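Structural description and commentary
Listed below, chain by chain, are the residues.
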Amino acid sequence: SCEHSGAMKTRENVVVIGGSFAGRRVERLLRHDFTVTLIDAKGFWEYHPAAARALVEPSSASRIVQPQPKRMTIATVESIEPPKDGRAVQGRDHASTMRLSTGECLEFDYCVICTGSAYVAPIKSDQTTAITAEDRRKQYADANLELSAAKSVVVVGGGFVGVELAAEIAGRWGSKKKVTLLTSHPTLLERMHKDVGVAAEKWLVSKGVHLVFNQRVDAAKSSSHEVVTESGLSIKADLVYSCMGFKPNALPLRQHYPGALTEHGGVKVNEFLQVEGLHNVFAVGDCTATLEEKNALAADLGASLAVINIRALASKRDMALFPQGVCHGRSTVPTIACVSLYKWSGVMQFNGLVLSGFVPALVKALIEYLQLSTASECAIQTGAWDIIERVNIFLGRYLFVPRNLELE
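Residues numbered from 1 in each chain as written. Predicted model: local features only at pLDDT ≥ 70, side-chain atom pairs only at ≥ 80, totals over all residues. Heavy atoms only, no water.

1. Things to note about the sheet that holds strand β10 (residues 105-107)
Counted only if it meets this: Here the rule is simple: two strands pair whenever DSSP picks up at least two bridges between them. Numbering goes from the N terminus for both helices and strands, where a helix is a DSSP run of H or I of at least four residues and a strand is a run of E of at least two. The axes are straight lines fitted to the C-alpha atoms, using for helices just the contacting stretch, and the angles between their N-to-C directions are given from 0 to 180°.
Sheet architecture is open: 3 strands sit in the order β6-β9-β10, paired in antiparallel fashion. Of all strands in the sheet, those with a lone pairing partner are β6 (77-81) and β10, marking the two edges. Across the sheet, the mean angle separating the axes of adjacent strands is 25° when strand polarity is ignored. Both strand β9 (residues 97-100) and β10 contribute to a ladder of 3 bridges, which runs antiparallel. Bridge assignment links R99 to a residue of β10, and that residue is C105.

Written as structure tokens, this is what we have:
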């Protein structure tokens, strides 16, 4: 178990668990005023929105998979420990230590959990293993060999990942591969504006992708070469990719704070993004059980709010609400999303506005360039990304807003 040292310190400690979009943002915004420790279980950072491209073009993995910076602690946080002295604030534990897989104990004044989510390989690697950037790039190369050899592919799931993967395969190989996209919904991208799904469907059909709607997979009867649906439909293929939802990573809370997790494993947070039952521990991004669409924008906004609230706690001020505190008072995160349809086409949604064609592809490429540059810690591009994001959030408050949100 972990003992608190009680040592004197000049600056308060913040431990950030998870070094992807949100975690790196928290570290960047707090490191000038706090002692920040950034921890990640993996030895690399990956730009996950480009995973489908790396499967069909493994050479792009050298860009989107980068080694972690030297200051990163590579370890798995096994548990956040309850306070030994029973210290609590407003009925919430004030935790101060965590236990790592290395056996080490880390002390903190504040903690932000940004552990993201797990997804079926090869779209994401195992998020709890300390593999290197080189290992991850090899995973993409191996997956590409398998995909290249397949004459028929079934992609299960009509969300972002499924649509982009089917588009990449169809765009790269055309009619040389038989591609089937299967979804349990009546439309593609069902959580987006209906025109987004319509545009994606039109593009995929034009490239020869066979679409199957309203069919739920029977996992018990399906295998790596055959998909069987609950209604008895059977589709055989050389390769089956499952692109159905992600699972939140919440290992640090599982041992001592299981009540802070939903039945699906998401972290329960309050309106300030504090973890249920804990006063000085926040959670943001994919690992949380909040309702907003899980993407890099929402992770960035959550990170920004956690930073505001850690500063508020440190200076004994009132905390800000999520997402109002980072969305100009709006009670929902603006819908700003971009779906790639191979290299030269795409669909984007900005609240109620939908655009398709070459412009969204250009926007997606610009986002990728700025995000990769930010990950490489290029100051000018990082500044540009921050400004673009702020402008978008501001415009997202007032432009193309659905009528039911206009009067908030």
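The discussion continues.
2. Notes on the packing of aromatic side chains
Rule in force here: A pair of Phe, Tyr and Trp rings is counted when the ring centres sit within 6.5 Å of each other, with Trp represented by its six-membered ring. The angle between the planes then sorts it: under 30 degrees is stacked, over 60 is edge-to-face, the rest tilted. Note on classification: 1.4 Å probe, protein chains only; a residue is buried when its accessible area is under 20% of the maximum for its type, exposed when over 50%, partly exposed between these limits.
Overall, the coordinates contain 7 aromatic pairs when judged by the stated rule. Judged by centre distance (6.3 Å) and plane angle (85°), the rings of F34 and Y110 are edge-to-face. One end of the pair, F34, is in the loop between α1 (21-30) and β2 (35-40); the other, Y110, is in strand β11 (residues 110-113), with 76 residues separating them in the sequence. Assigned by exposure class, F34 and Y110 land together as buried. Taken together, a centroid distance of 5.7 Å and an interplanar angle of 85° make the contact between Y342 and W344 edge-to-face. Overall, the relative accessible area of 11% leaves Y342 in the buried class. An aromatic cluster of three or more residues is present, and its members are F21, W45 and Y47.

3. Description of the packing of helix α9 (residues 358-375) against helix α10 (residues 379-398)
The criterion, for reference: Geometric relationships in this document are graded by angle, where less than 35 degrees denotes roughly parallel, more than 145 denotes roughly antiparallel, 65 to 115 denotes roughly perpendicular, and other angles denote oblique. Handedness of each helix crossing follows the sense of rotation of the near helix against the far helix: counterclockwise by less than a right angle gives left-handed, clockwise gives right-handed. Any two residues whose heavy atoms approach within 4.5 Å are treated as being in contact. Three classes are used: nonpolar for Ala, Val, Leu, Ile, Met, Phe, Trp, Tyr, Cys and Pro, charged for Asp, Glu, Lys and Arg, and polar for all others, with Gly counted as polar.
Interhelical geometry of α9 versus α10 gives an angle of 125° and a closest axis separation of 8 Å. Taken as axis vectors, α9 and α10 run oblique relative to one another. As α9 packs across α10, the resulting crossing turns out to be left-handed. Each of I367, Y369, L370, Q371, S373 and T374 in α9 lies in contact with α10, whose residues at this interface are Q381, T382, A384, W385 and I388. By residue class, the composition of the contact of α9 with α10 is 6 nonpolar, 5 polar and no charged.

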